[in-house]
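Secondary and tertiary structure notes
Listed below, chain by chain, are the residues.
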Amino acid sequence: MNIRKLILEGEGTTLDFKKTITSSQKIAKSLVAFANNQGGRLLIGVTDEGKIVGVKSEDEEKYMITRSAYQFCKPAIEPKFEEVYIDDKLVLVVSVDKSDLKPHYALDDNNKWWVYYRVEDKCILASSVILQTLKNENKATGTLIVYTEDEKKLFKFLDEQGRITLKQFSKITRSSHKKAQKILVNLILTGLLQPHTSEKEEYFTFINSK
């Protein structure tokens, strides 16, 4: 594994840097965010800026991550560990596979369980649309989509505007948020729509659109 090359690529959807693990509970957010998306790697002993500082005790780091994966993630996650030495400094690589048991929840300080999703280099709290997509992802095989007037209005809006929010879709179809959300989830599961989520806004585009 070429750690230097990974670091040069920078943090993103499948890569996160951690100088050290300070809390089993806090790292759960990253573990579930990877498992709920495409999977990913944590590089422990690397600063946010990409500087390799190494870990002092890989056993302690492994213990905290394993504890997090079993105690603060639901369902539990199975992290894989690899130790890589660079210039006499030890970098602990923690790999998390894309899960078949979505959604995974992380426990917060108030003993509440939340679903997180990896978007670019951030762990974002999953929206209601993302949550329903994750819940239905493994049931999507053979899903038949019948295009009604609502879907036609959606496609026309996307052709003209390029993107749409749940609120906009609900408005143009004069349907409830629940009904509009269900249509969006089905179209995401069949590979027609792509969700885009930030801390400020969630919108949807055709696949391969921005």
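First things first, this report covers the structure right here in the doc. (Residues numbered from 1 in each chain as written. Predicted model: local features only at pLDDT ≥ 70, side-chain atom pairs only at ≥ 80, totals over all residues. Heavy atoms only, no water.)

1. Quick word on the packing of helix α5 (residues 149-161) against helix α6 (residues 166-173)
Note the following rule: Interaxial angle, 0 to 180 degrees, is taken between N-to-C directions of lines fitted to C-alpha atoms, where a helix line uses only the stretch in contact. Each helix is a run of H or I in the DSSP string that is no shorter than four residues. Each strand is a run of E no shorter than two, and both are numbered from the N terminus. Any angle between 65 and 115 degrees counts as roughly perpendicular, while under 35 counts as roughly parallel, over 145 as roughly antiparallel, and the rest as oblique. Throughout, a crossing is termed right-handed when the near helix is turned clockwise from the far one, and left-handed when it is turned anticlockwise from it by less than a right angle. We call two residues contacting when some pair of their heavy atoms lies within 4.5 Å. When residue character is reported, Ala, Val, Leu, Ile, Met, Phe, Trp, Tyr, Cys and Pro are called nonpolar, Asp, Glu, Lys and Arg charged, and the others, Gly included, polar.
Following both chains from N to C, one finds α5 and α6 inclined at 125 degrees, their axes separated by 10 Å at the closest point. In terms of their interaxial angle, α5 and α6 are classed as oblique. Of the two elements, α5 crosses α6, and the hand of that crossing is right-handed. Taking contact as the criterion, the partners of D150, K153, L154 and F157 in α5 are, on α6, Q168, F169, I172 and T173. Across the contact of α5 with α6, the residue classes tally to 4 nonpolar, 2 polar and 2 charged.

2. Quick look at the packing of aromatic side chains
The description of an aromatic ring pair uses the distance of the two centres, along with the angle that the planes make with each other. What counts here: Centres within 6.5 Å are what make two rings of Phe, Tyr or Trp a pair, Trp counting through its six-membered ring; a difference in plane orientation under 30 degrees is then read as stacked, over 60 as edge-to-face, and the rest as tilted. Geometrically, a charge over a ring is one whose NZ (Lys) or CZ (Arg) sits within 6 Å of the ring centre while staying within 35 degrees of the ring normal.
Counted under the stated rule, the structure contains 2 aromatic pairs. Here Y147 and F155 contribute two aromatic rings whose centre-to-centre distance is 5.3 Å and whose plane-to-plane angle is 75 degrees, an arrangement assigned as edge-to-face. Ring centres 5.9 Å apart and planes at 40 degrees place the aromatic pair F155 and F206 in the tilted group. With F155 in helix α5 and F206 in strand β10 (residues 202-206), this pair connects stretches of sequence that are 51 residues apart. Residue placement shows K74 over the ring face of Y105; its charged tip is 5.9 Å from the ring centre. The ring of Y203 carries R163 above its face, with NZ or CZ at 3.7 Å from the centroid.

3. Quick notes on the sheet that holds strand β2 (residues 40-44)
In plain terms, the rule: In short, DSSP must find at least two bridges between two strands for them to pair.
The mixed open sheet is built from 4 strands, whose spatial order is β1-β2-β5-β4. Two strands bound the open sheet, and with one partner strand each, they are β1 (15-18) and β4 (80-86). Here the average twist between neighbouring strands, direction ignored, is 20 degrees. Across 4 bridges, the pairing between β1 and β2 is parallel. The residue bridging K18 from the neighbouring strand is I44, located in β2. Across the face of the sheet, helix α2 (residues 24-36) comes into contact with β1, β2 and β5 (89-96) while running at roughly 150 degrees to β2.

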